[in-house]
Amino acid sequence: MTTASSETATHSSTTLRAKDYKSEVKPVWCPGCGHFGVLAALTKAFAYLGLPKDEVVTVSGIGCSSRIPAYIDGYGFHGVHGRALALAAGLKAARPDLTLVVAGGDGDGFSIGGNHFLHACRRNMDMTYVVMDNEVYGMTKGQASPTTQPDWSHSKLTPRGTGVPRFYPAAIALAAGASFIARGFSGDPNELVRLLVQALEHPGFALVQVLSPCVTFRPEQKGWKQAVHPVAEPAPDDPGKAASLIQSDDGLAIGVLYAQRQPVYQPRNRAEAELAEIEAEFLL
Amino acid sequence: MTDGFQSCAITGSGGSGAVTAGMMVLDAAARAGCYGLMTRSAGPQIRGGESAAMLRFGASPVACMGDSFGILAALDWGNFFRFAGEIPLTAQTLILADPGAGKVPPQLEAYSEQIRWVNLRELADSLPGGRFNMVAVGAIAACAGLPLAAVLQAASAILRAKDAAVIDASHACISLGFQQFSSDGKEPLGKEPDGKKTTALPEVPRRWSISGNEAAGLGALRGGVRFVAAYPITPATEILEWLAPRIARLGGALLQAEDELASINMIIGSSFGGVPSLTATSGPGLSLMMEGLGLAVASETPVVLVNVMRGGPSTGIPTKSEQSDLNIALYGLHGDAPHLVLAALDIGDCVLTLHWATRLAEHLQTAAIVLSDQLLGQSRAIIDPPGLPELNLARRCMPLDQGGDYRRYQFTEDGISPISAPGVPGGSYTADGLEHNESGTPSSMAGDHAAQLAKRRDKLTRFDVGPLWAEISGEGDLCLLTWGSSHGAVLEAAATLNASGRPTRVIGLRLIAPLQRDALLAAISGTRVWVVELNQDGQLFHYLRSEAALPEHAMSFARPGPLPLRPGEILTAIAAEATDDHR
Ligand SMILES: Cc1ncc(C[n+]2csc(CCOP(=O)(O)OP(=O)(O)O)c2C)c(N)n1
Ligand code: SF4
């Protein structure tokens, strides 16, 4: 399988609808925030796949985007800043039966959580990582994030811009060994659902970078609506081809950028001994 | 064996095999029916360099290394000066040395009369495949009064993975070394009729040979731990290495993390999944785990962290011991974050303390930090197999029929809310490190904050922990109060005080937080209290003071590591105070 699509998804007999996956908790997000679209798309993808509500777990760090677990009716863990992928790795190792979605922002995932991101890519445990990228720290009120353009000078912390090149999530994920890389846009819900379904079906670590405008601190991102465009070609399963696709990309191409089956890491073992046998090792 | 124990230090450098020799002597002592303790000391080198094995054995359990060594066996003199401070000698110490190993170091000039020369290298070279550390093993055993048969059995057991030729060569070396010092000159070297090389030994009770790090791992497995996240750090790594293959055999999992920030969050995730979970680290790693521990406390996710202390601060002295991480274990978390802090009192006690800590964390749905240290972790003891206590402390699972109203952080009489796990229908919730209400929904309201803070405190303070909070021994008007590996030296100091007519009580604290203040006050009532510990500033002493758990005139005996506390220095401090009193 190189490009899983919603057309190939197996419908289950369940009658759950997207709204059944929404909790009663009211989001704290600003009106118009892109994260609403991501929440809607996620619940639609769950419904499409007919995932049992109690067997999906959403794990997040800290940030506006990381609030998402509370808004989903199911199990969730809203952890600390940057550590969601690590928490999810432990959960998956202990409970391989669960469907795991890790959700957060670009600051959470690529700055404070950067090391975990690299190792999650190469560890290739079966989970879907949805990064809501708005190229800014929303929750702490408008600082530059790793994906911010170097000349963006609207942050009080970096009034002359960061002066530092941007972090390219797709390129770095590919280099770190990720087996599924896609980019979505929260303003294109149908396509986002399609991508999320493919990511959820992909065995292994699937990154979905979602361009999700911060209308409060980056109002110009409303322009993404006109700027995004589909990826030029079907997703390559060859890392070399994917690298050239990603390198030539303007960061606004929407679709699957790379998909390949790779061994999925899952350390849980079958019991083959009793504790008494292990204790007997100490007997002289 | 004036005090009923035989003690011996074996030093060497650059792969001379001091530690293997020590292991063999310890194993032989066990086969001869003794209890024993062996500590290791190493410099900062990765391989080779200097290393020393220090052993003590006798007919009763060995609590500490004592004040000096009866035998010093020097395989060579390389870097001996680095150990001089760790190996106190007396006028009675017998020094075994090889003339082929070069000039005796200046630190030993005063003891030159006590040196017994033995040609370790020459004797080893006289045998095919001979190794001089094996000749030394035989010589030490003879000097220490161990039967040759026990040493030969120990060698077979320790070298069992090697070729028969290697084992034969070792047996021959050991016998040759033994003959140098055995009183009748020779115990038979020959084979028994069935080809076995060892003569029979009397039946002795079957004991355990276990290190503190192995004991901690075992205690965790007894407590039900089936997920471990690992990031290597000396001296905690061996817990993780011991656990890795064994937890897999039990159907659990160990995940090597990218760092300690990951480790602590991984075990929060796995525990949220319903699997009791643990990580092990040492000081620098503990610093990195503080934020994660706070998350476990706030989200009420049970986790266990073993911190094997080493000399600090910062990277400190990785290969040597200290008890200086108590402050961070107690106070390192931000906010009001009540959690459990425990400390193991000896090697065997690592089994019980970890078992209990795991069960307490599971029952109370909180984080437990268990303090061990390099001295416990990397030492090996011969002990009676620790019994398996019935602790009956489990996660309180959510009742199945909730009628759609499951509240994860529900207020209950004892503060412990029923917990569910992913996959359980009707039990879904979002675990949250943000302050939340009973349902888990984030809340910044003062009322919710105060109520949840109180709940998380009260569930710990209202819980009846039973008698395991401390080990209390002896009666008297003097009380030595201590924690962790210092317990051994304190017990021995107290034995000397009792024998000299100064009745002394010893309290080893196993549960440090929440402090069982009333029980402690009752246990020390009417005594002159000394708080004994291995750190510069008296961390336990100041904690107990701040908790109003010490009488006005309590005394502190604290000194930094990395040299372990010795009974004699505790006695000297107490004697000095007694002299002051009489002035
Ligand atoms: C250890 C730590 N450092 C800093 C913070 C403060 N903090 C909270 S959210 C956040 C940034 C979130 O930005 P991003 O991940 O891009 O998400 P967004 O809010 O834009 O959705 C920061 C720095 C924190 N909570 N914890
Ligand atoms: S600050 Fe930005 S990211 Fe946060 S909720 Fe508002 S619009 Fe969304």
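Definitions and cut-offs
- Residues numbered from 1 in each chain as written.
- Chains lettered and ligands numbered in written order.
- Predicted model: local features only at pLDDT ≥ 70, side-chain atom pairs only at ≥ 80, totals over all residues.
- Heavy atoms only, no water.
- Helix = DSSP H or I, 4+ residues; strand = E, 2+ residues; numbered from the N terminus.
- Rg over C-alpha atoms; globule rule 2.2 N^0.38 Å.
- Areas by Shrake-Rupley, 256 points an atom, 1.4 Å probe, with all protein chains shown as cover.
- Lys, Arg positive; Asp, Glu negative; His and termini not counted.
- Charge placed at Lys NZ, Arg CZ, Asp CG, Glu CD.
- Contact = heavy atoms within 4.5 Å.
- Buried area = accessible area lost by both parts, 1.4 Å probe.
- Salt bridge = Lys/Arg side-chain N within 4 Å of Asp/Glu carboxyl O.
- Polar contact = N/O pair within 3.5 Å; in protein donor to acceptor, adjacent residues only side chain to side chain.
- Nonpolar A, V, L, I, M, F, W, Y, C, P; charged D, E, K, R; others polar.
- Near = heavy atom within 4 Å.
- Buried < 20%, exposed > 50% of the residue type's maximum accessible area, 1.4 Å probe, protein only.
- Axes fitted to C-alpha atoms, helices over the stretch in contact; angles between N-to-C directions.
- Left-handed = near helix turned anticlockwise from the far one by under 90°.
- Pairing = 2+ DSSP bridges.
- Core = buried A, V, L, I, M, F, W, Y, C linked by side-chain atoms within 4.5 Å.

**Q** Pulling in residues and values, what's your account of the overall build of chain A?
**A** Check the secondary structure of chain A and you find 10 helices and eight strands. The C-alpha radius of gyration computed for chain A amounts to 19 Å, which stays within 12% of the reference 19 Å derived for 284 residues, consistent with globular compactness. Reported as C-alpha extents along the three principal axes, the dimensions of chain A are approximately 70 × 50 × 40 Å. Of the roughly 11500 Å² of accessible surface on chain A, 54% is carried by carbon and sulfur atoms. With 25 positive and 27 negative side-chain charges, chain A shows a separation of 8 Å between the mean positions of the two kinds.

**Q** Quick one: what's the story with the interface of chain B and chain A, residue by residue and with numbers?
**A** At the junction of the two partners, chain B supplies 59 residues and chain A supplies 48 residues. Overall, the association of chain B and chain A removes approximately 4500 Å² of surface from exposure, summing both partners, and the carbon and sulfur fraction of that is 61%. Joining chain B to chain A, the criterion identifies four salt bridges. Between B:Arg249 and A:Glu277 there is a salt bridge, with the nearest N and O atoms lying 3.4 Å from each other. Applying the counting criterion to the chain B and chain A interface returns 27 residue pairs in polar contact (both at pLDDT 80 or more). At the level of secondary structure, the elements contributing two or more residues to the side of chain B that touches chain A comprise helix H1 (18-31), strand S7 (208-211), helix H6 (212-222), helix H7 (237-249), strand S9 (253-256), helix H8 (260-272), helix H9 (283-299) and strand S15 (430-432) of chain B. Among the elements that take part in the side of chain B that touches chain A, H8(B) stands out by supplying eight residues, more than any other. For the side of chain B that touches chain A, the per-class residue count stands at 29 nonpolar, 18 polar and 12 charged.

**Q** Quick one: what's the story with the site of ligand 1, residue by residue and with numbers?
**A** Around ligand 1, a shell composed of 18 residues is seen, among which A:Cys64, A:Ser65, A:Gly107, A:Asp108 and A:Gly138 lie nearest. Lying at an intersection of chains, ligand 1 is approached by residues of chains A and B. Between ligand 1 and the protein, one listed contact pairs an oxygen atom with a side-chain N or O atom of A:His35 at 3.1 Å. Between ligand 1 and A:Met139 there is a distance of 3.0 Å, counted from an oxygen atom to a backbone nitrogen or oxygen. The element contributing the most residues to the shell around ligand 1 is helix H4 (residues 106-112) of chain A, with four residues.

**Q** Let's hear about the side chain of A:Glu191: which residues, and what values?
**A** Residue and element names in this part refer to chain A. The topology assignment puts glutamate 191 in helix H7 (residues 189-201). The exposure class of glutamate 191 is buried, given its relative accessible area of 18%. In this structure, glutamate 191 is in contact with Ile254 and Gly255, ignoring residues within four places of it in sequence.

**Q** Kindly report on the pattern of salt bridges, identifying the contributing residues and their values.
**A** Residue and element names in this part refer to chain B. According to the stated counting rule, one finds 32 salt bridges over all chains in the structure shown. Linking arginine 121 and aspartate 98 is a salt bridge whose minimum nitrogen-to-oxygen distance equals 2.7 Å. Here aspartate 98 lies in the loop between strand S5 (94-97) and strand S6 (115-117) and arginine 121 lies in helix H2 (residues 120-125), a separation of 23 residues in the sequence. Look at aspartate 98 and you get buried, because its relative accessible area is 2%. Residues arginine 207 and aspartate 384 are paired through a salt bridge, measuring 2.9 Å at the closest nitrogen-oxygen approach. Pair noted here: arginine 207 is in the loop between helix H5 (164-181) and S7 and aspartate 384 is in the loop between strand S14 (380-383) and S15, with a separation of 177 residues, a long-range link.

**Q** Go over the packing of helix H3 (residues 84-94) of chain A against helix H5 (residues 114-123) of chain A with me, naming the residues and quoting the values.
**A** Residues and elements named next belong to chain A. For the pair H3 and H5, interaxial distance at closest approach is 8 Å and the crossing angle is 35°. As H3 runs across H5, the sense of the crossing is left-handed. Residue-level inspection shows Leu85, Ala86 and Ala89 of H3 in contact with H5, the latter providing His116, Phe117, Ala120 and Arg123. Looking at the contact of H3 with H5, its residues break down into five nonpolar, one polar and one charged.

**Q** I'd like a description of the site of ligand 2, backed by residues and values.
**A** Around ligand 2 sit A:Trp29, A:Cys30, A:Cys33, A:His35, A:Cys64, A:Asn134, A:Gly138, A:Cys214, A:Val215, A:Thr216 and A:Phe217, and those are all the residues in its vicinity. Its residues placed into classes, the shell around ligand 2 shows seven nonpolar, four polar and no charged.

**Q** So, the sheet that holds S5(B): which residues are in play, and what are the values?
**A** All names here are of chain B. On the basis of which strands lie adjacent, the open sheet formed by eight strands has the order S6-S5-S4-S1-S3-S2-S14-S7 and mixed pairing. In the strand order of this sheet, the two ends are held by S6 and S7, each with one partner. Strand-to-strand twist of the sheet, defined as the mean angle between neighbouring strand axes without regard to direction, takes the value 15°. In terms of strand pairing, S7 meets S14 through four bridges, oriented antiparallel. Within the sheet, the bridge partner assigned to isoleucine 210 lies in S14 and is alanine 381. In the packing of H6 onto the sheet, contacts are made with S7 and S14, and the angle to S7 comes to roughly 100°.

**Q** Lay out the nonpolar core with the relevant residues and their values.
**A** Nonpolar side chains in soluble globular proteins tend to be buried together. In terms of nonpolar packing, the biggest core is built from 173 residues, with B:Leu293, B:Leu509, B:Ile512, B:Leu520 and B:Leu544 touching the most fellow members. Grouped together as the second largest cluster of nonpolar side chains are 45 residues, B:Ala29, B:Ala124, B:Met134 and B:Leu159 included.

**Q** Can you tell me about unusual backbone geometry, naming the residues and giving the values?
**A** That bond from B:Gly312 to B:Pro313 is cis: its omega, 0°, falls within 30 degrees of zero. With respect to the helices and strands, the residue B:Pro313 is situated in the loop between strand S11 (303-309) and helix H10 (326-331). Put simply, B:Gly561 and B:Pro562 share a cis peptide bond, and its omega is 5°. Within the secondary structure, B:Pro562 is located in the loop between strand S21 (555-558) and helix H17 (567-582). Positive phi values are uncommon outside glycine, yet A:Asn124 reaches one of about 55°. For A:Asn124, the position within the fold is in the loop between H5 and strand S4 (127-133).

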